[in-house]
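Understanding the architecture of this molecule
Here is how the chains run, residue by residue.
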Amino acid sequence: MLTCDTLIRHARVADGTGGPPEVLDVALRGGHIEAVGTSLRFEAARLIEAEGLELSPGFIDVHTHDDTSVIDSPLMLPKLSQGVTTVIVGNCGISVSPVRLKGAPPDPMNLLGSAEAFRYPSFGAYVEALEAARPSVNVGALTGHTSLRYNHMDRLDRGATDGEIEAMRTELRDALSCGALGLSSGLAYLSAHSGTAEELHALAEPLTAAGAIYATHMRTEGDAILDAMQEAFSVGRAADSPVIISHLKCAGIANWGRSNEVLEALELARRTQPVGCDCYPYAASSTTLDLRQVDERVEISITWSAPHPEAAGQSLAVIARGWELSQLEAARRLQPAGAIYHSMAEEDMRRILAHPATMIGSDGLPHDPRPHPRLWGTFPRVLGRYCREQKVLSLAEAIHKMTHLPATRFGLAKRGLVREGYYADLVLLDAERIADKATYEDPTRASEGIERVWVNGVLAYTSKGATGARAGQFVGRSKRSWTD
Ligand code: ZN
Ligand code: CU
């Protein structure tokens, strides 16, 4: 009889394609999926009876800031406990590598950790550290525009010169040759806001030959969002490179209800160039405390503050009242700080979530003492709250957005499907019970309904917690396979 390491029997397999789940057996061997079929006959070292449970490819968190966590907290419990088996780091223009720090990390690079966390002068050094740390999840990495600016410019509040762009481009080319998946930008932040579209067009040039992608936290997600989208698409056209709009949303009360026109603009672009987006399933955003986003009508809570650590978890309105200041003045006094902004309409978020171009990205901030609950809850929340309870999308569609869709867009070879020969990144879950448990009040609670998680064939998590096994790999870019 044929042998395998693990045989999972009678699972309802949602294979990542988006098609209806089928009851099948899946055999794992040596890190890969050995066979998929009905009544597989294998002698297995471990047998899992999975009747009544769904088996999915491991989830790919396409938007993370886990750059330093995967090395410093390699168990990666916030992600593993959601069924995430691969994280993409280096989003929003801020990658921890390549960075050669000259003091305290500037905003928003400080979201990735304090100065000691920045120890990777080259992308290659980061990959080496990652391989030595062996996290529990796979890691793919983007190179950040802001990080490149930081390395080659004396100040960040101006556009780059031709010489500086050339130096950044050389460094980007080096990262791509070591397996970086593409370039990310964070143009809304003051550290990159002075970077013009021309700067990005010139910088993005090496993406073409590498078949790499451009992911962008756009210049604005507010009133001028359509212009910002056009700018993002123009960079993609200049580099002949696919564009991913990060955490697509309509931010600010004045823009509530605009998701229709935003998605129309996205669809129009999709007719002529590869464009997609990601989102997280919450109507509140989170980042550093940005004075431009302080609006007394919007509930803002503080996630951390360097001068006032006691403010973490408190409402800015309450703090301001206590200090007898306006919210803007109080925010100024709290800086540097982080915040959660309840600045979106639930309806817009749901519409963006359901759109076929949308992938799922948590955008979790692992260093916040009081993080946004998306860090621990994103994937089960989509499957529980938005699939089972609200029927915004089907389970198979949601799983497709979490697996095969990102694998093809980021060029992650042999991941994202339950298929023979693919890496055995798998999640066994209970679709009737799956639910996020992290809340704004209690944000670091593990979800329910994730029964088992395998990473490269190794059992990394069960409903009792992490097994301690760490079998994650660095995932470089393979030839792009964007299909629409
Ligand atoms: Zn961002
Ligand atoms: Cu982000």
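Read on for an overview of the structure. The shown structure was predicted, so the numbers you read here are calculated from the model rather than taken from an experiment. (Residues numbered from 1 in each chain as written. Chains lettered and ligands numbered in written order. Predicted model: local features only at pLDDT ≥ 70, side-chain atom pairs only at ≥ 80, totals over all residues. Heavy atoms only, no water.)

As for the nonpolar core
Counted only if it meets this: Among buried residues, the Ala, Val, Leu, Ile, Met, Phe, Trp, Tyr and Cys ones that are joined through side-chain atoms within 4.5 Å form a nonpolar core. Relative accessibility decides the category of a residue: with a 1.4 Å probe and only protein chains considered, values under 20% of the type maximum give buried, values over 50% give exposed, and everything between is partly exposed. Here a strand is any run of E in DSSP of at least two residues, a helix any run of H or I of at least four, and the numbering for each starts at the N terminus. In what follows, a contact means two residues having at least one pair of non-hydrogen atoms within 4.5 Å.
The biggest cluster of nonpolar side chains holds 94 residues, and the ones touching the most others in it are Y126 and L383. No other element matches helix 9 (residues 225-239), which puts seven residues into this core. Not counting residues within four places of it along the chain, the set of residues in contact with L383 comprises F59, R388, L395, A398, I399, M402, L429 and I434.

Observations regarding the coordination of the zinc ion (ligand 1)
So the rule is basically this: Any N, O or S atom lying within 2.8 Å of the metal counts as a donor, and for Na, K and Ca the limit rises to 3.2 Å; water is left out, so some sites can look incomplete.
All of the protein donors around the zinc ion (ligand 1) are C92 (SG), H217 (ND1) and H247 (NE2); their distances to the metal are 2.0 to 2.2 Å. Counting gaps between the donor residues of the zinc ion (ligand 1) yields the pattern C-x124-H-x29-H.

So, the sheet that holds strand 9 (residues 182-186)
In plain terms, the rule: Here, strands pair whenever DSSP counts at least two bridges between them. Each axis is a line fitted through C-alpha atoms, and for a helix only the stretch in contact is used; angles between axes span 0 to 180 degrees, taken between their N-to-C directions.
Overall, parallel pairing links the eight strands, which are arranged 6-7-8-9-10-11-12-16 in an open sheet. Edge positions in the sheet fall to strand 6 (59-61) and strand 16 (358-360), since each has one partner strand and no second. Geometrically, the sheet is characterised by an average inter-axis angle of 30° between neighbouring strands, direction not taken into account. In terms of strand pairing, strand 7 (residues 84-89) meets strand 8 (residues 138-144) through four bridges, oriented parallel. Looking at the pairing, I88 lines up with G140 of strand 8.

Comments concerning the coordination of the copper ion (ligand 2)
Test applied: Geometry is assigned from the angles between donors: four donors with all angles from 85 to 135 degrees make a tetrahedral site, four or six donors whose opposite pairs exceed 155 degrees while the rest stay between 65 and 115 make square planar or octahedral sites respectively, and everything else is labelled irregular.
On the protein side, the copper ion (ligand 2) has H63 (NE2), H65 (NE2), C92 (SG) and D363 (OD) as donor atoms, found 2.1 to 2.4 Å from it. Taken together, the four donor atoms coordinating the copper ion (ligand 2) span angles of 84 to 167° at the metal, a pattern that classifies the geometry as irregular. Positions of the donor residues of the copper ion (ligand 2), expressed as sequence spacing, correspond to H-x1-H-x26-C-x270-D. Between the copper ion (ligand 2) and the zinc ion (ligand 1), the interatomic distance is 3.1 Å, and C92 donates to each metal, bridging them. Of this pair, H63 sits in the loop between strand 6 and helix 1 (69-72) while C92 sits in the loop between strand 7 and helix 3 (123-133), placing them 29 residues apart in sequence. Here H63 and C92 have matching classes, each one buried.

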